[in-house]
Amino acid sequence: MTLSLNDVKRIADLAYIEIDDNQAQATLTQLSSIFNLIETMQSVDTTSVEPMSHSQSVTQRLRDDIVTDSDQRALFQALAPQVEEGLYLVPQVIE
Amino acid sequence: MQWEIVIGLEVHTQLSTQSKIFSGASTAYGAAPNTQACEVDLALPGVLPVLNKGAVERAIKFGLSINAKINSPSIFARKNYFYPDLPKGYQISQFELPIVQGGNIHIQLDGEEKIIRLTRAHLEEDAGKSLHEDFHGMTGIDLNRAGTPLLEIVSEPDMRSSAEAVAYAKTLHTLVRWIGICDGNMQEGSFRCDANVSVRPMGSEKLGTRCEIKNLNSFRFLEKAIDFEARRQIEILEDGGLIRQETRLYDANKDQTRTMRSKEDANDYRYFPDPDLLPLEISHDWIEQLQKTLPELPQARRDRYSAQFGLSKYDASVLTGSREMADYFDTAVKLLPEHAKLCANWIMGEISGQLNKENMEITDCPVKPSDLVALLARISDGTISGKAAKTVFESLWQGEHGKNVDTIIATKGLKQISDDNAIEKLVDDVLAANPQQVEDYRNGKEKAFNSLIGQIMKATQGKANPAQVNAILKKKLTQ
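Residues numbered from 1 in each chain as written. Chains lettered and ligands numbered in written order. Predicted model: local features only at pLDDT ≥ 70, side-chain atom pairs only at ≥ 80, totals over all residues. Heavy atoms only, no water.

## Section: unusual backbone geometry
- Here B:Ser72 and B:Pro73 are connected by a cis peptide whose omega angle stands at 5 degrees.
- Residue placement: B:Pro73 occurs in the loop between strand 3 (69-70) and strand 4 (77-80).
- One non-glycine residue, A:Glu85, lies in the positive phi region at around 50 degrees.
- Assignment of secondary structure puts A:Glu85 in the loop between strand 2 (83-84) and strand 3 (87-91).
- Here the phi dihedral of B:Asn67 falls at roughly 55 degrees; this positive angle occurs in a residue that is not glycine.
- Along the chain, B:Asn67 turns up in the loop between helix 2 (53-65) and strand 3.
- Under the relative-accessibility criterion, B:Asn67 is labelled exposed at 66%. (Helix = DSSP H or I, 4+ residues; strand = E, 2+ residues; numbered from the N terminus. Buried < 20%, exposed > 50% of the residue type's maximum accessible area, 1.4 Å probe, protein only.)

## Considerations on the side chain of B:Asn144
All names here are of chain B.
- Among the structural elements, Asn144 can be located in the loop between strand 10 (138-142) and strand 11 (149-155).
- The class for Asn144 is buried, based on a relative accessible area of 9%.
- Once residues within four sequence positions are removed from consideration, Asn144 is found in contact with Lys20, Ala31, Ala32, Pro33, Asn34, Thr35, Gln36 and Ala37. (Contact = heavy atoms within 4.5 Å.)

## Brief notes about the packing of helix 9 (residues 340-357) of chain B against helix 10 (residues 369-380) of chain B
Residue and element names in this part refer to chain B.
- Close contact between helix 9 and helix 10 brings their axes to 11 Å; oriented N to C, the two are set at 120 degrees. The two elements helix 9 and helix 10 meet at a crossing, and its hand is right-handed. Contact with helix 9, carried on its side by Leu342, Cys343, Trp346, Ile347 and Ile351, involves Leu372, Leu375, Leu376 and Ile379 of helix 10 and no other residues of that element.
- Considered class by class, the residues forming the contact of helix 9 with helix 10 number nine nonpolar, no polar and no charged. (Axes fitted to C-alpha atoms, helices over the stretch in contact; angles between N-to-C directions. Left-handed = near helix turned anticlockwise from the far one by under 90°. Nonpolar A, V, L, I, M, F, W, Y, C, P; charged D, E, K, R; others polar.)

## Regarding the pairing of strand 1 (residues 3-14) of chain B
Residue and element names in this part refer to chain B.
- Counting buried residues along strand 1, 12 of its 12 residues qualify, which places the element largely inside the surrounding structure.
- Burial along strand 1 is two-sided: the face carrying Trp3, Ile5, Ile7, Leu9, Val11 and Thr13 and the face carrying Glu4, Val6, Gly8, Glu10, His12 and Gln14 are both buried.
- Strand direction decides the pairing type here: strand 1 and strand 12 (residues 191-201), joined by 11 bridges, are antiparallel. Note that in strand 12 the partner of Ile7 across the bridge is Val197.
- Taken together, the five bridges between strand 1 and strand 11 define a ladder with antiparallel strand orientation. Note on strand 11: the bridge partner recorded for Glu10 is Val154. (Pairing = 2+ DSSP bridges.)

## Remarks on the sheet that holds strand 2 of chain A
- Strands sit in the order 2(A)-3(A)-10(B)-9(B) across an open sheet of four strands; the sheet is antiparallel. Looking at which strands have only one partner, the edges of the open sheet turn out to be strand 2 of chain A together with strand 9 (129-131) of chain B.
- One ladder, built from three bridges, connects strand 9 of chain B with strand 10 of chain B; its direction is antiparallel. Bridge pairing in strand 10 of chain B places B:Leu131 opposite B:Gly140.

## Here we look at the interface of chain B and chain A
- Opposite the 57 residues of chain B that make contact, chain A presents 37 residues.
- For the pairing of chain B and chain A, the buried interface totals around 4,000 Å² over both sides, and the portion due to carbon and sulfur atoms is 60%.
- Taken as a group, B:Phe82, B:Met138 and B:Leu278 account for 15% of the area that chain B buries against chain A, more than any other trio of residues on that side.
- There are zero salt bridges connecting chain B and chain A. (Buried area = accessible area lost by both parts, 1.4 Å probe. Salt bridge = Lys/Arg side-chain N within 4 Å of Asp/Glu carboxyl O.)

## Some thoughts on the domain arrangement of chain B
- Taken domain by domain, chain B comprises domain 1 (3-286) and domain 2 (420-478).
- Using only C-alpha atoms to locate each centre, domain 1 of chain B and domain 2 of chain B end up separated by 65 Å. (Domains from an automatic or database assignment.)

## Quick look at the nonpolar core
Residue and element names in this part refer to chain B.
- Residues Phe62 and Phe329 are the most contacted members of the largest nonpolar core, which totals 107 residues.
- With nine residues, helix 3 (residues 162-178) is the largest single contributor of residues to this core.
- Core analysis: the second largest hydrophobic core is formed by 17 residues, Val427, Val430, Ile453 and Ile456 among them. (Core = buried A, V, L, I, M, F, W, Y, C linked by side-chain atoms within 4.5 Å.)

## Here's the deal with the sheet that holds strand 16 (residues 272-273) of chain B
Residue and element names in this part refer to chain B.
- One open sheet accounts for three strands, arranged 5-4-16; its pairing is antiparallel. Edge positions in the sheet fall to strand 5 (90-93) and strand 16, since each of these pairs with one other strand and no more.
- As defined by bridge partners, strand 4 adjoins strand 5 across four bridges and the pair is classed as antiparallel. Across the sheet, Asn80 pairs through a bridge with Tyr90, a residue of strand 5.

## Section: the packing of aromatic side chains
Residue and element names in this part refer to chain B.
- By the definition in use, this model includes 13 aromatic pairs over all chains.
- Aromatic pair Phe221 and Tyr250: ring centres 5.8 Å apart, planes at 50 degrees, arrangement tilted. Here Phe221, found in helix 4 (residues 219-238), pairs with Tyr250, found in strand 14 (residues 246-251); they are 29 residues apart in sequence, far enough to count as distant.
- Overall, the relative accessible area of 23% leaves Phe221 in the partly exposed class.
- Given the relative accessible area of 13%, Tyr250 is considered buried.
- Site record: aromatic cluster; members linked through ring pairs are Tyr81, Phe95, Tyr269 and Tyr271.
- Positioned above the aromatic ring of Phe449, the side-chain terminus of Lys474 is 5.2 Å from the ring centre. (Phe/Tyr/Trp six-rings, centres within 6.5 Å; stacked < 30°, edge-to-face > 60°. Lys NZ or Arg CZ within 6 Å of the ring centre and 35° of its normal.)

As structure tokens, this is what we get:
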């Protein structure tokens, strides 16, 4: 798979990462070498291997449906730059 | 040209757990802002999600109730997008291997049954709430809802009208409450619909370009939004235009949909398996155990009501509108099995009517199934007429006379005159007093008969058994 400079810029945009053209070019080179590595790995025969979604073959532990956390709003909001009426304030976003 | 409307629905149901899907914070509705948002919901550094067993169980129950496949393993994935009410920068959802795959739902419309196929149902967390007003140009964020467990239920594009879409949504709404996985409260956002709508020339196999209408929180809006959207698309196509794939919002005040975002600026969610969550294994034993906890489902009850009691499809479907109503009917009919239709009529008529009027649920109905049955027994044995029964019903509703049906009948003098001799005497008296009408009837004037009935009923203050009066009068007139 070949990656274009536009792909890199679009991914950066989606990830909210600001990069200039030089950085984009450098990132393209780095990402392309990663893709080359993946391509090399894809030549390995994996037909008899079950795909896995996690690197460890253990399964998800579950917790019982019980409320264990109580209100710690004052503690958490002490970290927030701006709060009002119990709400966290952020720069306005309207989609 | 004839157009065909094609609709698929995505329904977000909020699962009725006590705690959140990945944290131990409460999910109770209506708390003060951010008092139910813990470090996991806030995405503070270093926290890890731990999956709520109750949410998984509810999803499995849903899958079992629609004959779907339960995937094991099932995988959680990150859906990446930026919005301040999603502090992690991604929503934990499912992409590949959702917990529920396939299945179907039977809907009833105008006495016809139709099967709607389901694509999948997956577990995910809800986002928080953004409040855009009154914060001097800033947005206020309440994260109480962040992390609330949702089951997103996705149908195939199997519906062909807004009425079918509403029937499907209502059937689903009944089902999730029936099996106790969601409270179904639409005002509080526990059951939210998105509709995918496209149109195509009648007879065409190829799907048209679709638009998605977001966040329809009532059945009425669902119907109106689909109708508007289908009309909009047909007008564009008939003018030679093309439909742009986009997400639209329904504005209830204007009764129209408008663009929210087009496909070009649609997010690429960059799904990938969440490394914080391991594959979810669901054992056969666990599934079997949950299967045993499922109540008799609406479809099975409808079938039983038709087979066992000979009720019409319509009656059976009204009575199974909620599990509580069906349970009420079952309790009543067990006490009066030979009069199932009478029980059904009274529950769908007087009881439902009065509950609606007083905005009450059937579980709070002051007339209990045993009270109703005591009343219906007095109708069926001829003690009281249907009309007098309504008076007794009102008394029962008000809790008068210790809710004793026989005391109410006696106190109010509602007992029906069912004695043949007494009625014959009454009929004789009325006939003797009205020779002209008797003459008229014998000369073929049918109307005179009703007039005579009226006079007899009046003479008894409506207490004579109408069927007996009818028979005796007919006999006397033809003598």
